[in-house]
Amino acid sequence: MRLNGVCARRFDLTRATRFNERSREGGQVIHARLAARDDNAGTPGVDQEGLRTQRSVYFDYNSSSVKAEFNPALQAHARYLAANPKSRVRIEGNADERGPAGYNNVLGLKRADHVRQSIVEFGASEKQVVVKSLGERKPKLNGHDEESWAENRRADIIYEREE
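Residues numbered from 1 in each chain as written. Predicted model: local features only at pLDDT ≥ 70, side-chain atom pairs only at ≥ 80, totals over all residues. Heavy atoms only, no water.

### Concerning the pairing of strand β8 (residues 154–161)
Side chains on a regular strand alternate between the two faces of the sheet. Inspection of the sheet shows strand β5 (residues 56–58) paired to β8 by three bridges, in the antiparallel sense. Note on β8: the bridge partner recorded for V57 is A155. With six bridges connecting them, strand β6 (residues 88–94) and β8 associate as antiparallel partners. By the bridge assignment for β8, I91 is matched with I157. (Pairing = 2+ DSSP bridges. Helix = DSSP H or I, 4+ residues; strand = E, 2+ residues; numbered from the N terminus.)

So this is what it looks like as structure tokens:
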């Protein structure tokens, strides 16, 4: 996907052979390709390394609905949590800078809660997953363009305790 001539971050979960990870280093965008392993426990496109790196769920503008393309990653997190009952995660909901701060806090909370619901539906225990809204306070990209806004409309899965 291209926005303003720059590659936007997007997981291609339909292909089990890769996903793109975007990071910034000295103002340059670096794309890393990671190959999926065969030990993906039945979930195409998500391996143990992917479980560690696929920790953000991205949303459309003004939406808190989880897209189906993120289900394999959420299923992998749920499976890990179900297999490791002492593990705990925090889902942090975020919004872009557009809109009033109060609205963005509520939207961030809705996004985090929908991700939590998905993980619980896929098998994790409710007590293992807590939610928090950051609204627009913690942007991943600082910018005032569509690329930055798309990157900031997300919910992050943060492991607080792992076994």
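### Thoughts on helix α2 (residues 71–83)
When the terminal C-alpha atoms of α2 are compared, their 18 Å separation across 13 residues agrees well with the 18 Å that a helix rising 1.5 Å per residue should span. When we look at burial in α2, the residues that qualify are P72, A73, L74, A76, H77, A78, Y80 and L81. (Expected span 1.5 Å × (residues − 1). Buried < 20%, exposed > 50% of the residue type's maximum accessible area, 1.4 Å probe, protein only.)

### Some details on the sheet that holds β6
Strand order in this open sheet of four strands is β5-β8-β6-β7, and the pairing throughout is mixed. Lying at the two open borders of the sheet, with one neighbouring strand each, are β5 and β7 (129–135). Strand-to-strand twist in this sheet, taken as the mean axis angle between neighbours without regard to direction, amounts to 20 degrees. For β6 and β7, the ladder comprises six bridges, and the chain directions are parallel. Its bridge partner being in β7, R90 is matched across the sheet by V130. Across the sheet, α2 touches β5, β6, β7 and β8, and the angle it forms with β8 is around 15 degrees. Against the sheet, helix α3 (residues 101–121) contacts β5, β6, β7 and β8, and its axis sits at roughly 155 degrees relative to β7. (Axes fitted to C-alpha atoms, helices over the stretch in contact; angles between N-to-C directions. Contact = heavy atoms within 4.5 Å.)

### A closer look at the packing of aromatic side chains
Summed over the entire model, instances satisfying the criterion amount to two aromatic pairs. Taking 6.4 Å as the distance between ring centres and 45 degrees as the angle between the ring planes, the aromatic pair formed by Y58 and F70 counts as tilted. Taken together, the residues Y58 in strand β5 and F70 in the loop between β5 and α2 connect sequence positions 12 residues apart. Given a relative accessible area of 8%, Y58 falls into the buried group. With a centroid separation of 5.6 Å and 80 degrees between ring planes, the pair formed by Y80 and Y159 is classed as edge-to-face. Placement of Y80 in helix α2 and of Y159 in strand β8 is noted, with a sequence separation of 79 residues between them. Judged by relative accessible area, which is 13%, Y80 ranks as buried. (Phe/Tyr/Trp six-rings, centres within 6.5 Å; stacked < 30°, edge-to-face > 60°.)

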